[in-house]
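Chain by chain, the residues run as shown.
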Amino acid sequence: MTALPRVFAHRGASSLAPENTIAAFSKAMEVGARWFEFDVDIIADGTLIVIHDNRLDRTTNGKGGYYTRSFSDIRRLDAGAWFSDTYRFERIPEAADAISFGNKQHMGMNLEIKPCRGGTQLRERLIEALAVAVDSVHDKDRFIVSSFDHELLAAFHEARPQISLGWLLDSEKQSTLGWQEGASALGCSAVHPDAKGLAKEEVWKIRDCGFDCNVWTVNDLEQAKELASWGVTGVFTDYPQLFPAEALAL
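As a starting point, this report considers the structure included with it. Computed from a predicted structure; not experimentally measured. (Residues numbered from 1 in each chain as written. Predicted model: local features only at pLDDT ≥ 70, side-chain atom pairs only at ≥ 80, totals over all residues. Heavy atoms only, no water.)

## Looking at helix α3 (residues 95–105)
Alright, step 1. Among all positions in α3, only A95, A98, I99, F101, G102 and N103 are buried.
Alright, step 2. Those residues of α3 that are buried lie in contact with α1 (22–30), β2 (35–42), β3 (48–50), β4 (108–113) and α4 (120–134).
Alright, step 3. Immediately beyond the C-terminal end of α3, within one or two residues, lies H106, with a positive phi of roughly 55 degrees. (Buried < 20%, exposed > 50% of the residue type's maximum accessible area, 1.4 Å probe, protein only. Helix = DSSP H or I, 4+ residues; strand = E, 2+ residues; numbered from the N terminus. Contact = heavy atoms within 4.5 Å.)

Here it is, written out as C-alpha cells:
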C-alpha cells in the first residue's frame with residue numbers, strides 16, 4: 001500500500017478553530033499534525049501579522065484593509081467570534097507568535113508570504129522583517145517559505161538563501177508555464193500546485209525535476225491516497241483530524 005504523504009495543517013486545523021490563529025495551530029497539534037501552514041503580511045508600523053486575506057472583514061470584526069494600520073489597531077480585533085463563540089476574543093497573531101509556537105511544540109512550519117499590496121516600501125520592509133523573523137526558527141530543516149508572489153520569494157531568497165522554498169502555483173490565476181525555470185533558478189526544494197485539475201503527469205514532472213510536490217488544498221482522504229499513488233510528498237488540508245496518525249507524524 002502506498003504511504004500517505006506528509007500532512008500540513010492548512011492555516012492550522014482551520015476546520016476546528018479560526019484559521020491562522022494560535023488556537024488553530026494548537027488544534028492541529030492536538031489532532032497529531034506535526035506541520036502547520038500560516039500566512040504572513042505586513043502592516044504600516046512594520047509588524048508582521050498572520051492573516052490570509054488583504055482585508056480584515058472575513059476573519060475578524062474589523063473592516064477594510066490593514067496596510068495603514070498599526071499593531072495597536074490590530075490587537076484590538078476579534079479574530080475568533082466569526083468562527084464560533086468558543087473562540088471569541090481570539091487575536092490575530094504576529095508572525096513571531098506562530099514561529100514561537102512551532103518552536104515550542106517542535107512542529108514543522110510552512111510560512112506563506114502573501115502578495116503584499118501595500119506598495120514598494122512595505123514590500124521591501126516585509127522582506128527585511130521576515131529575514132529577521134525566520135532567524136528565530138529552531139529547526140530550519142523543518143521550515144519552508146512559500147509564495148505565489150515569486151518576486152517576493154526571490155527577494156526573500158536573496159536575504160536568507162539557506163531557507164527552503166516552495167514555489168506556489170494557482171492554475172486558475174497563474175500560468176503554470178515557467179515553474180520549472182523559476183523554481184530551479186531560486187533553488188526551491190518544492191513546488192506547491194493546487195489540487196484542482198492537477199494531473200498525475202504534472203506531479204511526475206515536478207518529481208522528475210527533483211522537487212518535492214506538496215498539493216493544496218486536499219480535504220478528502222481518498223483524494224490524498226490517490227495523490228500519494230502519483231508520488232506527491234505532501235498535502236495541505238483543513239481537516240488534519242481525518243488523516244491517520246502515521247501521515248500526521250511525518
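## A word on the side chain of D238
Alright, step 1. Along the chain, D238 turns up in the loop between β9 (234–237) and α9 (245–248).
Alright, step 2. Buried charged residue D238 carries no salt bridge. Nearest counter-charge: R11, at 5.8 Å.
Alright, step 3. One polar contact links D238 to S14, side chain to side chain, over a distance of 3.0 Å. (Lys, Arg positive; Asp, Glu negative; His and termini not counted. Salt bridge = Lys/Arg side-chain N within 4 Å of Asp/Glu carboxyl O. Polar contact = N/O pair within 3.5 Å; in protein donor to acceptor, adjacent residues only side chain to side chain.)

## Comments concerning the nonpolar core
Alright, step 1. If you look at the biggest cluster of nonpolar residues, it comprises 71 residues, and the most contacted ones within it are F38, L48, I74, V145, F156 and W167.
Alright, step 2. Excluding its chain neighbours within four sequence positions, the residues that come into contact with I74 are I43, I49, L56, Y66, R69 and I92.
Alright, step 3. The next biggest cluster of nonpolar side chains, apart from the first, holds six residues, and it includes F8, I144, W216 and F236. (Core = buried A, V, L, I, M, F, W, Y, C linked by side-chain atoms within 4.5 Å.)

## So, the packing of α1 against α3
Alright, step 1. Running from N to C, α1 and α3 point in directions that differ by 20 degrees, and their axes come no closer than 10 Å. Here α1 lies roughly parallel to α3, going by the angle between them. Handedness of the crossing formed by α1 with α3: right-handed. Contacts from I22, F25, S26 and M29 in α1 reach D97, A98, F101 and Q105 in α3.
Alright, step 2. Across the contact of α1 with α3, the residue classes break down as five nonpolar, two polar and one charged. (Axes fitted to C-alpha atoms, helices over the stretch in contact; angles between N-to-C directions. Parallel < 35°, antiparallel > 145°, perpendicular 65-115°, else oblique. Left-handed = near helix turned anticlockwise from the far one by under 90°. Nonpolar A, V, L, I, M, F, W, Y, C, P; charged D, E, K, R; others polar.)

## Examining the pattern of salt bridges
For side chains of opposite charge, pairing can occur when their charged atoms come near one another.
Alright, step 1. Summed over the entire model, instances satisfying the criterion amount to 15 salt bridges.
Alright, step 2. A salt bridge links D39 to R11; the shortest N-O distance between them is 3.8 Å. Taken together, the residues D39 in strand β2 and R11 in the loop between β1 (6–9) and α1 connect sequence positions 28 residues apart. Of the two residues examined, D39 and R11, each falls in the buried class.
Alright, step 3. A cluster of three or more residues bridged by salt bridges with shared partners is formed by R11, E19, D39, D53, R58, E112 and K114.

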